[in-house]
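Observations on the model geometry
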Amino acid sequence: MREQVYIAEAADQSLRGMLVTWTSIFVSLGILLVYLFGSVLPEDWQGVAGVCAVFPVISAVLIWVLPESPVWLASRGRALEAENSLRRLRGVDLPRQEVEALLDRGSPSPRAANFSDVIRPEVWKPLLILNMFFLFQQISGVFVVIFYAVDIADEAGVHTDGYLVSVLIGATRLLVTVVISYASKRFGRRPLAVVSGVGMTMCMGTLAGCVHLESSALNWLRALTLVLYIFMSTVGFLTLPWAMIGELFPTRVRGLAGGITTCCAYLYSFAVLKTYPEMKDTLGRQGVFLFYGVAALLGTVFLWFYLPETQGKTLEEVEQMFSRK
């Protein structure tokens, strides 16, 4: 969550929509690497865990070279440090008006943000929208397919190497995330979210139908549908809510509201991932896939009516949009 907030506060407005999705690119790359490690070392999970432990250490070292967020510094009254940080991030030839806009936007607050701020419309509206977005993201099965990739392939009746399917899923997610980081700048958030939800609904409906028919001739269609499901989810449902955390909340409450949203998102994820085995036993394979398809459809309807378009808007314009009735 902090990565998206940092990028949203430091990036130029024209690039913000693209850059806030870059964290998803590297998350996708990390998941693909884990899938590859698992396929190469299927019986050595300790070795895979040891290799993966290297990356957080590298990140912990590299983060010390990053300058502090210029908006955060300005909000603490540290104007000179804020200007120096912004020029370090954006270049020494940064126009003076952008520096002045930063200092105006991040002018020191008389008090720290607290939970009473949540009842303000410019806070509770995006808070509700993002939490619903994350809820539909989870109950539509996106992370179930990612975390249980090998098992999902078996449950769907894909009679091939489950590790190969998982690698294809990871590679698809990485490729689409790279494409979406540029597409979101051109097409905006709402169209991508709606297209994503419609595609996920169709994929899960198709997968449920294939499972019901239980025909070996449909093996290729089951595998293709799983890969397409990840493709369509990455277009919107998987990447956009994380990117929008840094865009929708006002500066002063961004840390608090973003923290609440992230906490809820991981609680949703925990609940959905832990209940998947029980859902599978209760509803059956076909029922689980139908449930995820219906959830994706309901999420699409919600986003059609309530998800705002933030592409091309400044953070101040987004805040003013939510302040209106």
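Further up the page is the structure itself.
Please read these numbers as outputs of a predicted model, since none were measured by experiment.

Per the counting criterion, the structure on display carries one salt bridge. For Glu122, the salt bridge is made with Arg120, and the minimal N-O distance between the two is 2.5 Å.

The next thing to look at is the environment of Leu273. Looking at where Leu273 falls in the secondary structure, it is placed in helix α16 (residues 254–306). Once the C-alpha coordinates of Leu273 and Tyr148 are considered, the two residues, 125 residues apart in sequence, prove to be 8.7 Å apart.

The next point concerns the packing of aromatic side chains. Counted by the stated rule, this structure contains eight aromatic pairs. Seen in terms of ring centroids, Phe136 and Phe302 are 6.0 Å apart; in terms of plane orientation they differ by 40°. Their pairing is tilted. With a gap of 166 residues between them, Phe136 in helix α9 (residues 121–139) and Phe302 in helix α16 connect regions that are remote in the sequence. In this pair, the class of Phe136 matches that of Phe302, namely buried. Seen in terms of ring centroids, Phe143 and Phe147 are 6.0 Å apart; in terms of plane orientation they differ by 45°. Their pairing is tilted. Of the two residues, Phe143 and Phe147 are both situated in helix α10 (residues 142–147); the distance of four residues between them amounts to about one turn of the helix. A relative accessible area of 12% means that Phe143 is categorised as buried. Accessibility expressed as a relative area gives 54% for Phe147, which makes it exposed. Ring-pair connections join several aromatic residues into one group, and the members of that group are Phe134, Trp242 and Tyr266.

Each value, and the rule that gives it
- Residues numbered from 1 in each chain as written.
- Predicted model: local features only at pLDDT ≥ 70, side-chain atom pairs only at ≥ 80, totals over all residues.
- Heavy atoms only, no water.
- Salt bridge = Lys/Arg side-chain N within 4 Å of Asp/Glu carboxyl O.
- Helix = DSSP H or I, 4+ residues; strand = E, 2+ residues; numbered from the N terminus.
- Phe/Tyr/Trp six-rings, centres within 6.5 Å; stacked < 30°, edge-to-face > 60°.
- Buried < 20%, exposed > 50% of the residue type's maximum accessible area, 1.4 Å probe, protein only.

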